[in-house]
Amino acid sequence: MDPDSPKSGWAKRLPSGPPLRDEFASLVDSDQGRDDAENGYFESANDPQFVTTETAQRRFKSQLRRRLRHRAAKARERKSE
């Protein structure tokens, strides 16, 4: 990412992998739902607002990274001319 972008540091902290609800579901399934804390995490991750927010964050991070790569490529082209 472009170090001059003010949002680069913030965007690095956003989720970038598969949705957390899938990981929590497999965690809960591994012990047949005996752990109340794990069940709570899974229920939180299945909350529609959580899913919407997590998806939006992932999309924003991807869009920012693409934009910064595009800006860096244009800057390299200008330097080479």
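Residues numbered from 1 in each chain as written. Predicted model: local features only at pLDDT ≥ 70, side-chain atom pairs only at ≥ 80, totals over all residues. Heavy atoms only, no water.

Visitor: Is there a simple way to explain the overall build of the chain in this structure?
Guide: Assigned secondary structure in the chain consists of four helices and zero strands. Along the chain, from the amino end to the carboxyl end, the secondary structure elements read α-α-α-α. When the 81 residues of the chain are sorted by exposure, 20% land in the buried category. (Helix = DSSP H or I, 4+ residues; strand = E, 2+ residues; numbered from the N terminus. Buried < 20%, exposed > 50% of the residue type's maximum accessible area, 1.4 Å probe, protein only.)

Visitor: Please explain the confidence of the model for the chain as it appears in this structure.
Guide: For any part of a model where pLDDT is low, the fine detail of the predicted coordinates should not be relied upon. Residues with a pLDDT of 70 or more make up 88% of the chain, whose mean pLDDT is 78. The lowest-confidence element of the chain is helix 2 (residues 20-30), averaging 72 in pLDDT; the highest-confidence one is helix 4 (residues 48-80), averaging 86. (pLDDT = per-residue confidence, 0-100.)

Visitor: I would appreciate a short explanation of helix 3 (residues 36-45) in the present structure.
Guide: At 3.6 residues per turn, the α-helix brings residues three or four places apart onto the same side. Considered for burial, the residues of helix 3 that qualify are Glu38, Asn39 and Ala45. Down the axis of helix 3, the buried side of the element spans an arc of 125°, and every buried residue falls inside it. Seen from the buried face of helix 3, the exposed residues on the opposite side, beyond 90 degrees, are Asp36 and Glu43. (Arc of directions from axis to C-beta.)

Visitor: Would you mind showing me how to read the pattern of salt bridges here?
Guide: When the charged atoms of two side chains with opposite charge come close together, those side chains can pair. Considering all chains together, one arrives at one salt bridge under this definition. Put simply, glutamate 54 and arginine 58 hold a salt bridge, and the shortest N to O gap is 3.2 Å. A residue pair is termed a helical-turn pair when its members lie 3 or 4 positions apart in one helix, as glutamate 54 and arginine 58 do in helix 4 at four residues. Assigned by exposure class, glutamate 54 and arginine 58 land together as buried. (Salt bridge = Lys/Arg side-chain N within 4 Å of Asp/Glu carboxyl O.)

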